[in-house]
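# Notes for the structure review
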Amino acid sequence: AMPAKVYLDASPAGDFRAMPAKGAGLAILKWVTSFPRNPEFGLPVVMGVICVSSAEDGEPVALVDARAVTALRTGAVAAVAAQELAREDARTVGMIGCGLHGAWAARCLAAAEYGPGLCFDVDPDRAGALAGALGWEAGSREDALACDVVTCVTPGDEPVVRAGEPRPGTHLSMLGADGPGKAEAEVEAVKECVLFCDEWEQASHGGELTGAVEAGLVSRDDVTELGEVLTGAAPGRPSDDAVTLFDSTGLAIQDLALCQAVLEAHRRGDVPAQRVRL
């Protein structure tokens, strides 16, 4: 069970999101921020906490760092989307945006045996640091777009993918546009692609698809949810020369899965945690 994400506006600085989900005997509420200008003040863009409770009796079980969970599940879905939607022979990775979430997307793609990769960021030092850590290279935005799997993890303030730029056969994962008014690709570029998303209602109102939906260029029938591809209910990539685009807006059910894994690791003694009594 996953009720819709709730936004609490904190303009002009950013916003808060409340994300509930229930499953596997647990219930969570993720309280997380997106304050894009925070790095100017030495603070992370994303901060928050996930409250984990027992779904059987309501007892609070854990408080988990939302920033760490968000970074890892964002990276994990980029790897899953590439495995399902990229060409079978796809190997090279183009990273556009190399902050915390971009770095974890790159690590997860590398763990899924994609690479070598090409890293681009408006901060060359950040791109260089990620490339050095993974044994990849730093380069230009155009270099990144020439790769087989292109993953964009930017603030979404302005497009980094323009119409006609992706090569035939490219797979695009757009991870940065996670709220109204944000976009990493031009509307015309989105229209040119075979479209997939994590969850239609959320993606159509606050994701990469939103601009194309509002312009009347994309409808529900044009978009396939990734879960349908994973379960075999719908086809994935239609041909080797198609350009596929996956719009990830981030789902609370993904956070729940990560929290379940954290709790299991803690019970095994693999992960230490401070214990408190409420």
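You'll find the structure just up there.
Note that this is a predicted model, so its numbers are computed, not measured. (Residues numbered from 1 in each chain as written. Predicted model: local features only at pLDDT ≥ 70, side-chain atom pairs only at ≥ 80, totals over all residues. Heavy atoms only, no water.)

### Comments concerning the overall build of the protein
Tallying secondary structure elements over the protein gives nine helices and 13 strands in all. Overall size of the protein, expressed as C-alpha extent along the three principal axes, is 55 × 40 × 40 Å. Counting only residues that meet the buried cut, the protein has 47% of its 278 residues in that class. Partitioning the contacts of the protein with sequence separation of at least 6, the portion at a separation of at least 24 is 60%. With the model as given, the accessible surface of the protein reaches about 13300 Å², and the carbon-plus-sulfur share is 54%. Separation between the mean location of the 22 positive side-chain charges and that of the 41 negative ones in the protein comes to 6 Å. (Helix = DSSP H or I, 4+ residues; strand = E, 2+ residues; numbered from the N terminus. Buried < 20%, exposed > 50% of the residue type's maximum accessible area, 1.4 Å probe, protein only. Contact = heavy atoms within 4.5 Å. Areas by Shrake-Rupley, 256 points an atom, 1.4 Å probe, with all protein chains shown as cover. Lys, Arg positive; Asp, Glu negative; His and termini not counted. Charge placed at Lys NZ, Arg CZ, Asp CG, Glu CD.)

### Brief notes about the sheet that holds strand β10 (residues 171-174)
In space, the eight strands of this open sheet follow the order β8-β7-β6-β9-β10-β13-β11-β12, with parallel pairing throughout. Only two strands of the sheet have a single neighbouring strand rather than two, namely β8 (137-138) and β12 (223-225). In terms of strand pairing, strand β11 (residues 194-197) meets strand β13 (residues 244-247) through four bridges, oriented parallel. Considered in β13, the bridge of cysteine 197 is made with aspartate 247. Contacting β9 (149-152), β10, β11 and β13, helix α1 (residues 66-85) runs over the sheet at an angle of about 155° to β10. (Pairing = 2+ DSSP bridges. Axes fitted to C-alpha atoms, helices over the stretch in contact; angles between N-to-C directions.)

### Here's the deal with the pairing of strand β7 (residues 117-120)
Summarising the sheet, strand β6 (residues 93-96) and β7 pair through four bridges and their orientation is parallel. Of the residues in β7, the one forming a bridge with isoleucine 96 is phenylalanine 120. In terms of handedness, the path from β6 via helix α2 (residues 100-111) over to β7 forms a crossover that is right-handed. Judged from the two bridges that link them, β7 and β8 form a sheet pairing that is parallel. Note that in β8 the partner of cysteine 119 across the bridge is alanine 138. (Right-handed = clockwise from strand over helix to strand, strands pointing away.)

### Considering helix α3 (residues 124-134)
Within the span of α3, buried status applies to Ala127, Leu130 and Ala131. Along α3, the residues classed as buried sweep out an arc of 100° about the axis, all on the same side. Residues of α3 that are exposed and point over 90 degrees away from its buried face: Asp125, Ala129, Gly132 and Ala133. Along its buried surface, α3 packs onto α2, β7 and β8. Phi turns positive one or two residues past the end of α3, at glycine 135, with a value near 75°. (Arc of directions from axis to C-beta.)

### Some details on the pattern of salt bridges
Counted according to the given criterion, the structure contains 13 salt bridges. A salt bridge links arginine 167 to aspartate 148; its shortest N-O distance comes to 3.9 Å. Of this pair, arginine 167 sits in the loop between β9 and β10 while aspartate 148 is found in the loop between α4 (141-145) and β9, placing the two residues 19 residues apart along the sequence. By relative accessible area, which is 40% here, arginine 167 ends up partly exposed. With relative accessibility at 11%, the residue aspartate 148 sits in the buried group. For glutamate 225, the salt bridge is made with arginine 220, and the minimal N-O distance between the two is 3.9 Å. (Salt bridge = Lys/Arg side-chain N within 4 Å of Asp/Glu carboxyl O.)

### Observations concerning the packing of aromatic side chains
What describes a pair of aromatic rings is the distance from one ring centre to the other and the angle between the planes of the rings. Applying the stated criterion across every chain yields a total of two aromatic pairs. Where phenylalanine 16 meets phenylalanine 35, the ring centres are 5.5 Å apart and the plane angle is 75°; that geometry is what we call edge-to-face. Highlighted residues: phenylalanine 16 in strand β2 (residues 14-23) and phenylalanine 35 in the loop between β3 (26-34) and β4 (48-54), separated in sequence by 19 residues. Sitting over the face of the ring of tryptophan 104, arginine 107 holds its NZ or CZ atom 4.7 Å from the ring centroid. (Phe/Tyr/Trp six-rings, centres within 6.5 Å; stacked < 30°, edge-to-face > 60°. Lys NZ or Arg CZ within 6 Å of the ring centre and 35° of its normal.)

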